Amino acid sequence: MPPPPKTSSGVPPWGVFPTEAPSLLRDLPILIAGFALFYGLLTFARYGIGPVNTQAEIQLNPGALPKYAFFSVTRIAIAYFLSLAFTLVYGYVAAYNAKAERFMIPLLDILQSIPVLSFLPPVMMAMIALFPHSQLGAELGCIVLILTGQVWNMTFSFYSSLKSIPREMHEAAEIYRLSWWQRLWQMELPYAAIGLIWNSIMSVAGAWFFLMACEMFVLGNRDLRLPGLGSYLQTAANAGDTRAIVWGLGVMVAMIVLLDQVVWRPIIAWAEKFKFEQVEAAEPTSSPILDLLRRSKLIPLVARVTVQPAREALGLHFARAAALPRVRPRRGRFMPWVWRVLILAGLVATAYAAVRMGQMLASLSAAEVGGIVRGAGATFLRVEATLVLAGLWTIPVGVFVGMRPRLSAFVQPLAQIAASVPATALFPVVLLMLVRIGGGMGIGSMVLLLLGTQWYILFNVIAGASAIPTDLKEVCGVFRLGNVERWRKLFLPGIFPYLITGFITASGGAWNASIVAEYFHFQGKTLSTVGLGAVISHATDTGNFRVLLAATICMAAMVVTINRLVWRRLYGLASTKFKLEA
Amino acid sequence: MKPPGADKLHDALSQGQWDQAVALLQQLDPAIAADVIMEIPFEEQQVLFRVMPDDFAATLVSHFPYYHSYVLLHTRSIDHLRAIVDKMRPDERLMFFDELPEEAWQRLMDELSGAYSPAAQEGAATELAGAISKPIPAVEPITEAVQVEKSFLQPDGRQIQVIAATDLSLEPNTITALLGPSGSGKSTLLRILTGLIQPTKGIVLWHGKPLHDCAPNLAIVFQSFALFPWLTVLDNVETPLLARGMEHSQRHDRALRALHSVGLQGFESAYPKELSGGMKQRVGIARALALEPEILFMDEPFSALDVLTAENLRGEMMELWLGKKIPTRSIFLVTHNIEEAALLADRILVLGRNPARIRADFRIPLKQPRDRNSAAFLVYVDYIYKLMTQPELEPALPSTTARAMKTPYPMLPHARPGGIAGMIELLNDRGGKDDLYHIADELLWEVNDLLPIIEAATLLDFARTDKGDVEVTDKGREFASADIPTRKVLFREAALAHATLLQQIRNSLACKSDGAMPMEFFRDILDEHFSEEETQRQIDTALNWGRYGEIFSYDSESDKLFLHRLEHTGDSQRDLLHQG
């Protein structure tokens, strides 16, 4: 007797539908999102290869905003993926090649301290020279500019993750003869994933911060503007159009929140599995979007026919290639020769550049040097004053919130939304108010720096305060320590490591932000105050490369020096003396 | 240097002419004859020992290591055993008895007096089965290290030798355990044998070819498991198989088989963080076994586990090995646990430190599974404890090569004063004397924790060790019964009398008018003798001792040492506290 068909077991034949239909319904948003993205990219591509139009008229009616928002997001996304590619290559080489490491890491340190706008002239010139006849040149320039603002911290994170992979794990990879490909995907990328993701989020936030400066600027006699949210806001500020400013700001915040929900949260939740911990976390991050993707039937299906076979084939290919006997002698003869020539060429080029730079700097006038020195002093004081101001309100508030878990569960998300609004976008609104009450750029720049940097400190203080062990708090209660004693003996030492981390990030951010804070096109005028950032911005505007170079070197030198002399020492102290051991 | 007639002896043995061999041996000096016998395979030793006359056996017994004599004696019937012991020279017999640990001694006494029933002896005799561990020197080793040496370059350009020139070969069908105190370079030696670290001098051969010229089929089980936390159990086991270019279905089957053999079926899709330590190490073992390695290297595989889990996993490991369910020809186990080595290994290498060198290489011809309470087992455990606590006791084994070395800087054992005091008190409570392995066994302490304390107590002359026993000295007794301030005084006196580093520090500080010196100065001195890590440990220990004994104080912010002046008592100390 043949076995009865499955449908005869009491389940009606259409019984399969109810399980299929919702899955199709669930996959519908994914499909629609896919097509929408495709259409958008087509539009961007058509615009990109179009004729040069660097003076695009920025329309201030809100109907144009979706297009602008899309353009801006696309630029940030492309810049981000380029940053990622750079990060992987640079970090990998620096981590595994001891000789290269010796100059790659200090170089990264210096590059990190150069403000975004200083990259503007060389990047723009190069890109426009490469593609003189299409929009692509200016677009690429803008994208590379965004990249210079977001790539360095990602690279640092990837490099230090690679360096901290446990020794036994490296040994396992070696003894089990994993190919470099398998190492990358099964060991290095997963190990670096969490740090890389958090730094990506910070980088993209930085991109939003500098978007206005990157999309619209004056370069000598050329006035470049590219359609996008940043240029929209800038144009609106120039025209003093409050309604347009508010609309632009609203769309920007909406985009940031949307990106957070649709992109970052699912990625963070997904990356839970890369946590290098030996026990399970108590409360993993959740994301409805990730749940949607995980429940989808379409994605596993697509993955089964595309990703999995490709992964298998590539894995086997590289494994077999690694197992082949290496051809050592040829490499031995060939490589050093090529390397020597390359290194020699690099040295010659560097020496030539150094000489030219020296000549350029030597031709600075006394007035220009004086301006730079005065600016450097002013910006230094401004940055430090901002840090003090930020500390004055964030430390008490942060400790207050951090000591109360229920309050901090409520305050943290709100503060995160507030922090996600780029301070530069708020700047026009702030200036409008300041002008009305009679304040000037001096106060305005401080407000902007404060808006941009206080959050780093606040979040760190909250985290530090909530990490103070309960028994230490109880000790203070038992010995009836007064408020002053409590702060001296427990709170301040307890949050010290976190506070230093917050201050380091805030200090770096403040120096970088000074270029947009001290110099601003507003209501058809240029507002500026004394400062190094203003010197750099002004030099870019007027195409004065000598001053730009000198001021940039000055700023980079100051940032690196302050980091080495102050912050690194304090950080060392924080990680030894003030470390709260469990 | 071969003893005269060795060739003839080997001919006689290979032809099975035992009587002729015995006759040849009888012509030699007993000490040389014993050496010659130690060099031949254990089964042949047994046969020889059984056919030789009792008189001759009695002259030989005292020339073997005592643990070996004990085992050989028990290969003979109880009557012969009695006869042989009876015919031993009285002084040699006394020495032999004296060396035996308590349990073994007790059993031998019972046997000699006839209190030991033959039925029980029947059972005990099966303990010894030469067939289990075949030391077959004729068989070609799988891997062989020839005169390997390792030195590390210090930042200031000095070379610190961590492994002295060492010969070592691993044979098939053997579990070899490498035993040594922590920081002795065991793991470095394992990494040299596996090719993870290049030796500074010498070469490692794999089937006679240089290791780095071939792709040796070996695997390592790591102390920290070294699993990829983001891969499932199954993917973790498949990872090395993919690296060997194995197709998906084949990989899958092999991984499942390996997981099944270690009892992990059902856990394939779990992530390592969901598993307990013991389960994680099972994954580590399955990952290694899936490769079917010729030699399985295990680097302290059970050290990160709790006592019971480790015991359980060891048992299962042995079951697999003895049941030939492991596709592995040989196992190399690095451990600091003496019982573990004695329980599992067919052959034990004991490593000495500073620099590492092989101090002893001997086989344990006890049948598996071993009973850790049996007298024969305890003879071995006792012997290893003796070896490790008495640095001067170089075993009289023909295979050990004594090397002329410069006298090393005396090292401070890494023990805290509190631990030393506790140990002395404990010994005092137990009558002032005990076997080392008893203490370790009862406290569930590993030798790693115990040895530094014993060494420190011996160095300070609070205790002395003698053939595996520790005994409290009069000074130790005084120390144990004193109150806290007196203890500090006694400790200071002992430390300044016996610990070179503390003497040096005290004398240098006393020479200075302000009684202060930068720590860097002493660090530089130590750097000449020790590796960077060891220097740090020496300094940590010295600080601990110096602070406890109130010899000097240390300020970590200025990195300076200050002489602890005796007038700094009471108020002045409180003043210091307030300033800090």
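Within any chain, residue numbers begin from 1 and follow the written order of that chain's sequence. Lettering for chains starts from A, numbering for ligands starts from 1, and both go in the order in which the items are written. Given that the model is predicted, a residue must reach a pLDDT of at least 70 before its local features are reported, and side-chain atom pairs must reach 80 or more before they are shown or counted; all residues, however, enter totals for whole chains, interfaces and linings.

### So, the overall build of chain B
Just so we agree on the cut-off: Numbering goes from the N terminus for both helices and strands, where a helix is a DSSP run of H or I of at least four residues and a strand is a run of E of at least two. The exposure scheme places C-beta atoms from the backbone and then counts, for each residue, the other C-beta atoms within 10 Å of its own, assigning buried at 20 or more, exposed at 12 or fewer, and partly exposed in between. What counts as a contact here is a pair of residues whose C-beta atoms, placed from the backbone, lie within 7 Å.
Scanning chain B from N- to C-terminus turns up 26 helices and 16 strands. By the burial criterion, 42% of the 580 residues in chain B qualify as buried. Of the contacts made within chain B by residues no fewer than 6 positions apart, 73% connect residues no fewer than 24 positions apart.

### Looking at the overall build of chain A
Along chain A, the regular secondary structure elements total 22 helices and four strands. Look at the contacts in chain A between residues 6 or more apart in sequence, and 77% of them connect residues 24 or more apart.

### Focus: the sheet that holds strand β5 (residues 209-210) of chain B
Residue and element names in this part refer to chain B. The criterion, for reference: Pairing between strands is defined by DSSP: at least two bridges between the two strands are required. In this analysis, axes come from line fits to C-alpha atoms, helices being fitted only over the stretch in contact, and the angle between any two N-to-C directions falls in the range 0 to 180 degrees.
The strand order β2-β1-β4-β5 describes an open sheet built from four strands, whose pairing is antiparallel. Lying at the two open borders of the sheet, with one neighbouring strand each, are β2 (159-170) and β5. Sheet topology note: the strand β1 (residues 143-153)/strand β4 (residues 201-206) ladder contains five bridges and is antiparallel. Residue E144 lies in a different strand from β4, and its bridge partner there is L205. Here helix α11 (residues 186-194) sits on the sheet and contacts β1, β2 and β4; the angle it forms with β1, its principal contact strand, is near 125°.

### Focus on the domain arrangement of chain A
Frequently, the measure chosen for interface size is the accessible area that the parts lose on association. Residue and element names in this part refer to chain A. What counts here: Segmentation into domains, and thus their bounds, comes from an automatic or database assignment. Side-chain classes follow a simple rule in which Ala, Val, Leu, Ile, Met, Phe, Trp, Tyr, Cys and Pro form the nonpolar group, Asp, Glu, Lys and Arg form the charged group, and the remainder, Gly included, forms the polar group.
Parsing chain A into structural domains produces domain 1 (22-72 + 157-322) and domain 2 (363-582). The straight-line distance from the C-alpha centre of domain 1 to that of domain 2 is 27 Å. Of all the secondary structure elements, the ones that give two or more residues to the side of domain 1 that touches domain 2 are α7 (180-209), α8 (211-215), β1 (216-219), α9 (229-239) and α10 (242-270). With seven residues, the single largest contributor to the side of domain 1 that touches domain 2 is α10. Each residue belonging to the side of domain 1 that touches domain 2 can be placed in one class, and the counts come to 15 nonpolar, five polar and one charged.

### Considering helix α3 (residues 30-39) of chain B
To be explicit about the condition: For this quantity, the arc is that covered by the directions from the helix axis to the C-beta atoms.
By the burial criterion, the buried members of α3 of chain B are A33, A34, V36 and I37 of chain B. Buried residues of α3 of chain B, viewed axially, fall in a sector of 160°; they line one side.

### Some points on the confidence of the model for chain A
Residue and element names in this part refer to chain A. To be explicit about the condition: The quantity known as pLDDT measures the predictor's confidence residue by residue, on a range of 0 to 100.
Here chain A averages 81 in pLDDT, while 87% of its residues score no lower than 70. The spread of mean pLDDT over the elements of chain A runs between helix α1 (residues 17-48), the lowest at 63, and helix α2 (residues 65-96), the highest at 92. Residue range residues 1-22 is modelled with pLDDT below 50. Its contacts to residues more than four positions away, or to other chains, number one contact. Under a pLDDT of 50 for its full length, residues 327-332 has, in the predicted model, zero contacts with residues more than four places off or in other chains.

### Some details on the packing of helix α18 (residues 417-429) of chain B against helix α21 (residues 474-481) of chain B
Residues and elements named next belong to chain B. Here is the rule we go by: To sort the angles, those under 35 degrees are grouped as roughly parallel, those over 145 as roughly antiparallel, those from 65 to 115 as roughly perpendicular, and the leftovers as oblique.
Orientation of α18 relative to α21, taken along the N-to-C sense of each, is 105°, at an axis distance of 9 Å. By the angle between their axes, α18 is roughly perpendicular relative to α21. Mapping the contact onto sequence places A421, I424, E425 and N428 in α18 and G476, R477, F479 and A480 in α21. The residue inventory of the contact of α18 with α21, partitioned by class, reads four nonpolar, two polar and two charged.

### A closer look at the interface of chain A and chain B
Contacts between the two partners involve 28 residues from chain A and, on the opposite side, 21 residues from chain B. Of all the secondary structure elements, the ones that give two or more residues to the side of chain A that touches chain B are α6 (167-175), α7 and α13 (307-323) of chain A. The class makeup of the residues in the side of chain A that touches chain B is 14 nonpolar, five polar and nine charged.

### Quick look at the nonpolar core
Here is the rule: A set of buried Ala, Val, Leu, Ile, Met, Phe, Trp, Tyr and Cys residues, joined through C-beta atoms within 7 Å, is what we mean by a nonpolar core.
Counting residues in each nonpolar core, the largest one holds 277 residues, and the members touching the most others are I384 and I424 of chain B. Examining the composition of this core, we find that 15 residues originate from one element, helix α5 (residues 135-163) of chain A, more than from any other. Once you skip the residues sitting within four places of it in the chain, I384 of chain B turns out to touch L179, I338, A342 and V350 of chain B.

### Thoughts on the packing of α5 of chain A against α7 of chain A
Residue and element names in this part refer to chain A. Condition: Crossings are assigned a handedness: left-handed for a near helix turned anticlockwise from the far helix by less than a right angle, right-handed for a clockwise turn.
Where α5 contacts α7, the two axes come as close as 8 Å, and the packing angle between them is 155°. Classified by the angle their axes make, α5 and α7 are roughly antiparallel. Here α5 runs over α7; the crossing is right-handed. Residues I146, G149, Q150, N153, M154, S157, F158, S161 and L162 of α5 touch α7, and the partners they reach there are E188, Y191, A192, G195, L196, N199, S200, M202, S203, V204, G206 and A207.

### Overview of the sheet that holds strand β14 (residues 516-518) of chain B
Whether parallel or antiparallel, the strands of a sheet pair through hydrogen bonds between backbone atoms. Residue and element names in this part refer to chain B. In space, the three strands of this open sheet follow the order β14-β16-β15, with antiparallel pairing throughout. Where the open sheet ends on each side, the last strands, each with one partner, are β14 and β15 (552-555). If you compare each strand with its neighbour and ignore which way they point, the axes differ by 25° on average. By the bridge criterion, three bridges tie β14 to strand β16 (residues 560-563) in an arrangement that is antiparallel. Its bridge partner lying in β16, M517 is registered against L561. Sheet contacts for helix α23 (residues 500-511): β14, β15 and β16; angle to β16, the most-contacted strand, approximately 75°.

### Here's the deal with the pairing of strand β6 (residues 218-221) of chain B
Residue and element names in this part refer to chain B. Of the two faces of β6, the one carrying L218 and I220 and the one carrying A219 and V221 are both buried. Inspection of the sheet shows β6 paired to strand β7 (residues 295-299) by four bridges, in the parallel sense. Directly across from I220, in β7, lies its bridge partner F297.

### As for the domain arrangement of chain B
Looking at the assigned domains, one finds that chain B contains domain 1 (6-125), domain 2 (133-217 + 329-359), domain 3 (412-498) and domain 4 (499-580). In this structure, domain 1 of chain B and domain 3 of chain B have C-alpha centres spaced 37 Å apart.

### A short note on the pairing of strand β10 (residues 357-363) of chain B
Residues in a regular strand point their side chains to alternate faces of the sheet. All names here are of chain B. With five of seven residues buried, β10 lies mostly within the body of the structure. As paired elements, strand β9 (residues 347-352) and β10 share six bridges and run antiparallel to each other. Following the sheet pairing, G352 is matched in β10 by R357. Between β9 and β10, which follow one another and run antiparallel, lie four residues, and N354 among them has a positive phi close to 60°.

### Notes on the confidence of the model for chain B
Residues and elements named next belong to chain B. For chain B, mean pLDDT is 81; residues scoring 70 or higher make up 88% of the total. Predicted confidence is poor over residues 119-137, with pLDDT under 50, and the contacts of this stretch with residues over four places away or in other chains come to 35 contacts. Below pLDDT 50 for its whole length, residues 393-406 participates in 24 contacts with residues either more than four positions away or in separate chains. Taken together, the chains of this predicted complex give a pTM of 0.77 and an interface ipTM of 0.74.

### Quick look at the environment of F562 of chain B
Residues and elements named next belong to chain B. On the secondary structure map, F562 appears in strand β16. On the neighbour-count criterion, F562 (18 C-beta atoms within 10 Å) is partly exposed. Spatially, the C-alpha atoms of F562 and D514 are 8.3 Å apart, while their sequence positions differ by 48 residues. If we skip the residues at most four places from it in the chain, F562 touches G515, A516, F552, S553 and D555.

### Regarding unusual backbone geometry
Keep in mind that most residues, glycine aside, have a negative phi and that most peptide bonds are trans. Between Q368 of chain B and the following residue, P369 of chain B, the backbone shows a cis peptide bond with an omega angle of -5°. As for its position among the elements, P369 of chain B is in the loop between β10 and α17 (375-389). Although it is not a glycine, R480 of chain A sits at a positive phi angle of roughly 50°. The exposure class assigned to R480 of chain A is exposed, which follows from the 7 C-beta atoms found within 10 Å.

### Things to note about the environment of G468 of chain B
Residue and element names in this part refer to chain B. Of note, G468 is situated in the loop between β12 (463-466) and β13 (469-472). Judged by local crowding, G468 falls into the buried class, with 25 C-beta atoms found within 10 Å. For the pair formed by G468 and D7, sequence separation is 461 residues and the distance between their alpha carbons is 38 Å. When sequence neighbours within four positions are dropped, the list of residues in contact with G468 reads P101, D382, Y385, K386, D435 and L436.

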